[in-house]
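Each chain, written out:
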Amino acid sequence: MIDYYSTSAEFYELVATRHTASSGPPLSQVLKGVDTSYGPVLEIGAGTGRVTEVIASALPQAEIIAAEPSATMRAMLTSRVARDPGLRRRVTVVDGAAQDLPLPDKLSAVVIFGVAGHLTAPERVALWRRLAARLPDGAPIVVELMGVSSPRLIPPVMSLRETIGRQTYEWWIGGEPTEGDAMRFTTTWKVLREDGRTVREVSDSYVWHTFDVARLAAEAGMTSRRVTEAGGQAIPEIGVLVK
(Lines give C-alpha, C1' and ligand atoms only; values in the text may rest on other atoms or scores of the structure.)
Protein backbone atom coordinates (compact mmCIF):
# COMPACT_ATOMS: atom_id res chain seq x y z
CA MET A 1 0.00 0.00 0.00
CA ILE A 2 1.34 3.41 -0.99
CA ASP A 3 0.84 6.11 1.65
CA TYR A 4 -0.22 9.12 -0.41
CA TYR A 5 -0.84 11.48 2.47
CA SER A 6 1.65 11.32 5.34
CA THR A 7 4.09 13.71 3.64
CA SER A 8 1.56 16.55 3.72
CA ALA A 9 -0.77 15.30 6.47
CA GLU A 10 -0.01 18.29 8.70
CA PHE A 11 -1.85 20.51 6.20
CA TYR A 12 -4.72 18.15 5.37
CA GLU A 13 -7.28 19.70 7.70
CA LEU A 14 -7.04 23.01 5.81
CA VAL A 15 -8.26 21.25 2.67
CA ALA A 16 -10.69 18.96 4.48
CA THR A 17 -12.58 21.86 6.04
CA ARG A 18 -13.32 23.41 2.64
CA HIS A 19 -13.94 20.01 1.06
CA THR A 20 -16.56 19.05 3.62
CA ALA A 21 -18.32 22.40 3.30
CA SER A 22 -18.93 21.72 -0.40
CA SER A 23 -19.31 17.93 -0.49
CA GLY A 24 -21.04 17.39 2.85
CA PRO A 25 -24.53 18.65 1.91
CA PRO A 26 -24.89 16.53 -1.26
CA LEU A 27 -23.52 13.47 0.54
CA SER A 28 -26.11 13.95 3.28
CA GLN A 29 -28.79 14.29 0.61
CA VAL A 30 -27.78 11.01 -1.05
CA LEU A 31 -27.62 9.11 2.25
CA LYS A 32 -30.98 10.35 3.48
CA GLY A 33 -33.37 7.43 3.66
CA VAL A 34 -30.77 4.64 3.58
CA ASP A 35 -31.94 1.67 5.64
CA THR A 36 -29.06 1.16 8.08
CA SER A 37 -30.58 -1.89 9.75
CA TYR A 38 -29.04 -4.19 7.11
CA GLY A 39 -25.43 -3.62 8.18
CA PRO A 40 -22.79 -0.97 8.84
CA VAL A 41 -22.01 1.94 6.53
CA LEU A 42 -18.47 1.63 5.19
CA GLU A 43 -16.27 4.66 4.52
CA ILE A 44 -13.16 3.83 2.48
CA GLY A 45 -10.41 6.43 2.84
CA ALA A 46 -11.80 8.24 5.89
CA GLY A 47 -8.86 10.62 6.19
CA THR A 48 -9.10 12.74 9.33
CA GLY A 49 -12.80 12.05 9.85
CA ARG A 50 -14.50 15.13 8.44
CA VAL A 51 -16.66 13.08 6.06
CA THR A 52 -17.17 10.50 8.82
CA GLU A 53 -18.92 13.21 10.82
CA VAL A 54 -21.17 14.00 7.85
CA ILE A 55 -22.16 10.33 7.52
CA ALA A 56 -22.86 10.05 11.25
CA SER A 57 -25.04 13.18 11.18
CA ALA A 58 -26.98 12.09 8.08
CA LEU A 59 -27.56 8.58 9.46
CA PRO A 60 -27.89 8.95 13.25
CA GLN A 61 -28.66 5.26 13.82
CA ALA A 62 -25.90 3.85 11.62
CA GLU A 63 -22.90 1.88 12.70
CA ILE A 64 -19.92 3.16 10.69
CA ILE A 65 -16.68 1.47 9.72
CA ALA A 66 -14.09 4.15 8.89
CA ALA A 67 -11.10 2.69 7.03
CA GLU A 68 -7.89 4.70 6.59
CA PRO A 69 -4.52 3.18 5.55
CA SER A 70 -2.31 6.18 6.41
CA ALA A 71 -1.15 5.92 10.03
CA THR A 72 -0.73 9.70 10.28
CA MET A 73 -4.21 10.41 8.98
CA ARG A 74 -5.67 7.57 11.05
CA ALA A 75 -4.23 9.11 14.22
CA MET A 76 -6.21 12.30 13.55
CA LEU A 77 -9.30 10.25 12.65
CA THR A 78 -9.11 8.26 15.88
CA SER A 79 -8.64 11.46 17.89
CA ARG A 80 -11.73 13.02 16.27
CA VAL A 81 -13.84 9.93 16.98
CA ALA A 82 -12.51 9.48 20.52
CA ARG A 83 -13.40 13.00 21.68
CA ASP A 84 -17.02 12.80 20.49
CA PRO A 85 -19.20 10.53 22.68
CA GLY A 86 -21.67 9.93 19.85
CA LEU A 87 -18.97 8.90 17.39
CA ARG A 88 -17.24 6.72 19.99
CA ARG A 89 -20.36 4.58 20.26
CA ARG A 90 -20.88 4.11 16.53
CA VAL A 91 -17.62 4.47 14.61
CA THR A 92 -15.01 1.73 14.33
CA VAL A 93 -11.67 2.94 12.94
CA VAL A 94 -9.73 0.33 10.97
CA ASP A 95 -6.43 0.19 9.12
CA GLY A 96 -6.87 -0.93 5.53
CA ALA A 97 -6.55 0.04 1.90
CA ALA A 98 -9.39 -0.46 -0.59
CA GLN A 99 -7.61 -3.27 -2.42
CA ASP A 100 -7.40 -5.66 0.55
CA LEU A 101 -9.75 -4.25 3.17
CA PRO A 102 -11.50 -6.95 5.26
CA LEU A 103 -15.25 -6.48 4.88
CA PRO A 104 -18.21 -7.53 7.03
CA ASP A 105 -20.78 -9.89 5.54
CA LYS A 106 -23.37 -7.12 5.11
CA LEU A 107 -23.22 -3.38 4.38
CA SER A 108 -25.98 -0.77 4.16
CA ALA A 109 -24.03 1.78 2.07
CA VAL A 110 -20.49 2.71 1.04
CA VAL A 111 -18.79 6.12 0.79
CA ILE A 112 -15.56 6.45 -1.23
CA PHE A 113 -14.22 10.01 -1.35
CA GLY A 114 -10.80 10.86 -2.77
CA VAL A 115 -9.87 7.22 -3.33
CA ALA A 116 -11.18 5.68 -6.55
CA GLY A 117 -8.50 7.18 -8.80
CA HIS A 118 -5.73 5.69 -6.68
CA LEU A 119 -6.96 2.30 -7.92
CA THR A 120 -6.36 0.85 -11.36
CA ALA A 121 -9.42 -0.23 -13.35
CA PRO A 122 -8.91 -3.94 -12.48
CA GLU A 123 -8.55 -3.04 -8.80
CA ARG A 124 -11.77 -1.05 -8.93
CA VAL A 125 -13.63 -3.88 -10.66
CA ALA A 126 -12.53 -6.27 -7.91
CA LEU A 127 -13.64 -3.77 -5.25
CA TRP A 128 -17.08 -3.23 -6.82
CA ARG A 129 -17.57 -7.01 -6.97
CA ARG A 130 -16.73 -7.42 -3.27
CA LEU A 131 -19.00 -4.54 -2.27
CA ALA A 132 -21.94 -5.65 -4.43
CA ALA A 133 -21.90 -9.05 -2.76
CA ARG A 134 -22.53 -7.35 0.60
CA LEU A 135 -25.04 -4.64 -0.33
CA PRO A 136 -28.82 -5.05 -0.63
CA ASP A 137 -30.64 -4.01 -3.80
CA GLY A 138 -30.99 -0.23 -3.95
CA ALA A 139 -28.12 0.52 -1.58
CA PRO A 140 -25.76 3.29 -2.75
CA ILE A 141 -22.02 3.46 -3.28
CA VAL A 142 -21.24 7.18 -3.17
CA VAL A 143 -18.06 8.13 -5.06
CA GLU A 144 -16.32 11.48 -5.32
CA LEU A 145 -15.63 12.08 -9.03
CA MET A 146 -12.84 14.67 -8.57
CA GLY A 147 -13.67 16.47 -11.82
CA VAL A 148 -11.05 14.81 -14.03
CA SER A 149 -12.68 12.30 -16.38
CA SER A 150 -9.72 11.89 -18.77
CA PRO A 151 -6.01 12.78 -18.74
CA ARG A 152 -5.21 16.43 -19.46
CA LEU A 153 -2.58 19.01 -18.66
CA ILE A 154 -3.36 21.12 -15.58
CA PRO A 155 -0.79 23.90 -15.05
CA PRO A 156 0.13 24.48 -11.39
CA VAL A 157 -2.42 26.75 -9.73
CA MET A 158 -2.88 27.96 -6.16
CA SER A 159 -5.96 26.13 -4.94
CA LEU A 160 -6.04 27.34 -1.34
CA ARG A 161 -4.60 30.14 0.80
CA GLU A 162 -5.19 30.24 4.56
CA THR A 163 -3.65 32.20 7.42
CA ILE A 164 -3.06 30.71 10.87
CA GLY A 165 -1.31 32.85 13.44
CA ARG A 166 1.64 34.59 11.80
CA GLN A 167 1.90 32.19 8.89
CA THR A 168 0.06 31.84 5.60
CA TYR A 169 -0.34 28.49 3.89
CA GLU A 170 -0.65 28.11 0.12
CA TRP A 171 -1.61 24.89 -1.63
CA TRP A 172 -0.47 24.57 -5.25
CA ILE A 173 -1.57 21.69 -7.47
CA GLY A 174 -0.98 20.70 -11.09
CA GLY A 175 -1.16 17.56 -13.20
CA GLU A 176 -0.05 16.02 -16.46
CA PRO A 177 -0.98 12.89 -18.45
CA THR A 178 1.26 9.83 -18.06
CA GLU A 179 0.19 6.49 -19.57
CA GLY A 180 -3.27 5.26 -20.52
CA ASP A 181 -5.95 6.68 -18.24
CA ALA A 182 -3.45 7.99 -15.68
CA MET A 183 -2.26 11.42 -14.63
CA ARG A 184 0.50 12.44 -12.27
CA PHE A 185 -0.54 15.17 -9.87
CA THR A 186 2.05 17.24 -8.04
CA THR A 187 1.12 19.24 -4.96
CA THR A 188 3.18 21.79 -3.06
CA TRP A 189 2.44 23.42 0.27
CA LYS A 190 4.18 26.75 0.86
CA VAL A 191 4.46 28.23 4.35
CA LEU A 192 4.99 32.00 4.34
CA ARG A 193 5.71 34.42 7.17
CA GLU A 194 4.08 37.84 7.57
CA ASP A 195 6.70 39.51 5.37
CA GLY A 196 5.84 37.16 2.49
CA ARG A 197 9.02 35.12 2.87
CA THR A 198 8.61 31.41 2.16
CA VAL A 199 10.05 29.53 5.12
CA ARG A 200 9.12 26.00 4.08
CA GLU A 201 7.87 23.99 1.12
CA VAL A 202 6.50 20.44 1.17
CA SER A 203 5.90 18.69 -2.16
CA ASP A 204 4.66 15.27 -3.17
CA SER A 205 3.14 13.57 -6.20
CA TYR A 206 0.84 10.69 -6.97
CA VAL A 207 -0.67 8.84 -9.91
CA TRP A 208 -4.43 9.20 -10.43
CA HIS A 209 -6.41 6.95 -12.80
CA THR A 210 -9.09 9.13 -14.36
CA PHE A 211 -12.73 8.08 -14.70
CA ASP A 212 -16.30 9.32 -14.96
CA VAL A 213 -19.44 7.94 -13.35
CA ALA A 214 -20.49 6.08 -16.52
CA ARG A 215 -17.20 4.19 -16.54
CA LEU A 216 -17.55 3.30 -12.86
CA ALA A 217 -21.11 2.06 -13.45
CA ALA A 218 -19.94 -0.11 -16.35
CA GLU A 219 -17.15 -1.55 -14.21
CA ALA A 220 -19.55 -2.27 -11.37
CA GLY A 221 -22.49 -3.49 -13.45
CA MET A 222 -24.70 -1.01 -11.61
CA THR A 223 -26.91 1.93 -12.47
CA SER A 224 -25.53 5.39 -11.80
CA ARG A 225 -26.35 9.06 -11.46
CA ARG A 226 -24.45 12.27 -10.81
CA VAL A 227 -25.19 14.80 -8.11
CA THR A 228 -24.09 18.26 -9.23
CA GLU A 229 -25.91 20.60 -6.83
CA ALA A 230 -27.28 20.77 -3.32
CA GLY A 231 -29.65 23.42 -2.04
CA GLY A 232 -29.49 25.10 -5.42
CA GLN A 233 -25.71 25.49 -5.22
CA ALA A 234 -23.27 23.89 -7.67
CA ILE A 235 -20.97 21.41 -5.94
CA PRO A 236 -18.04 19.15 -6.88
CA GLU A 237 -19.51 16.22 -8.78
CA ILE A 238 -20.47 13.13 -6.82
CA GLY A 239 -21.38 9.82 -8.45
CA VAL A 240 -23.89 7.39 -7.01
CA LEU A 241 -23.73 3.72 -7.99
CA VAL A 242 -26.80 1.67 -7.13
CA LYS A 243 -26.96 -2.10 -7.15
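Draft legend 1. Fine view of the packing of aromatic side chains. In this structure the tally under the stated criterion is five aromatic pairs. Between Phe185 and Tyr206, the aromatic rings sit 5.7 Å apart at their centres with planes inclined by 25°, giving stacked as the arrangement. With Phe185 in strand β8 (residues 182–192) and Tyr206 in strand β9 (residues 198–209), this pair connects stretches of sequence that are 21 residues apart. As far as burial versus exposure is concerned, Phe185 and Tyr206 are alike and both buried. Taken together, the ring pairs in this structure connect Phe11, Tyr169, Trp171 and Trp189 into an aromatic cluster. Over the aromatic face of Trp172 sits the side chain of Lys190, whose NZ or CZ is 4.7 Å from the ring centroid.

Draft legend 2. Focus on the side chain of Thr20. Tracing the chain through its elements places Thr20 in helix α1 (residues 12–31). We classify Thr20 as buried; its relative accessible area is 16%. Discounting residues that sit within four places of it in the chain, Thr20 has contacts with Pro25, Arg50, Val51 and Val54.

Draft legend 3. Main features of the nonpolar core. The biggest cluster of nonpolar side chains holds 45 residues, and the ones touching the most others in it are Trp128, Leu131, Ile141 and Leu241. In this structure Trp128 touches Ile112, Ile141, Val143, Leu216, Glu219, Ala220, Met222 and Leu241, once residues within four positions along its chain are discounted.

Draft legend 4. Focus on the pairing of strand β4 (residues 109–112). Neither face of β4 is left uncovered, since the one carrying Ala109 and Val111 and the one carrying Val110 and Ile112 both have all their residues buried. As paired elements, strand β1 (residues 41–44) and β4 share four bridges and run parallel to each other. If you follow Glu43 over to β4, its bridge partner there is Val111. Bridge analysis of β4 against strand β5 (residues 140–144) gives three bridges, and the strand direction is parallel.

Draft legend 5. Representation of the packing of α1 against helix α2 (residues 50–58) in the model. Where α1 meets α2, the closest approach of the two axes is 8 Å, and the angle between their N-to-C directions is 25°. With respect to α2, the element α1 is oriented roughly parallel. Judged by the twist between their axes, the crossing of α1 over α2 is right-handed. Along its contact with α1, which presents Glu13, Ala16, Thr17, His19, Thr20, Gly24, Leu27, Ser28 and Leu31, the element α2 presents Arg50, Val51, Val54, Ile55 and Ala58. Looking at side-chain class alone, the contact of α1 with α2 contains seven nonpolar, five polar and two charged residues.

How each quantity is defined
Residues numbered from 1 in each chain as written. Predicted model: local features only at pLDDT ≥ 70, side-chain atom pairs only at ≥ 80, totals over all residues. Heavy atoms only, no water. Phe/Tyr/Trp six-rings, centres within 6.5 Å; stacked < 30°, edge-to-face > 60°. Helix = DSSP H or I, 4+ residues; strand = E, 2+ residues; numbered from the N terminus. Buried < 20%, exposed > 50% of the residue type's maximum accessible area, 1.4 Å probe, protein only. Lys NZ or Arg CZ within 6 Å of the ring centre and 35° of its normal. Contact = heavy atoms within 4.5 Å. Core = buried A, V, L, I, M, F, W, Y, C linked by side-chain atoms within 4.5 Å. Pairing = 2+ DSSP bridges. Axes fitted to C-alpha atoms, helices over the stretch in contact; angles between N-to-C directions. Parallel < 35°, antiparallel > 145°, perpendicular 65-115°, else oblique. Left-handed = near helix turned anticlockwise from the far one by under 90°. Nonpolar A, V, L, I, M, F, W, Y, C, P; charged D, E, K, R; others polar.

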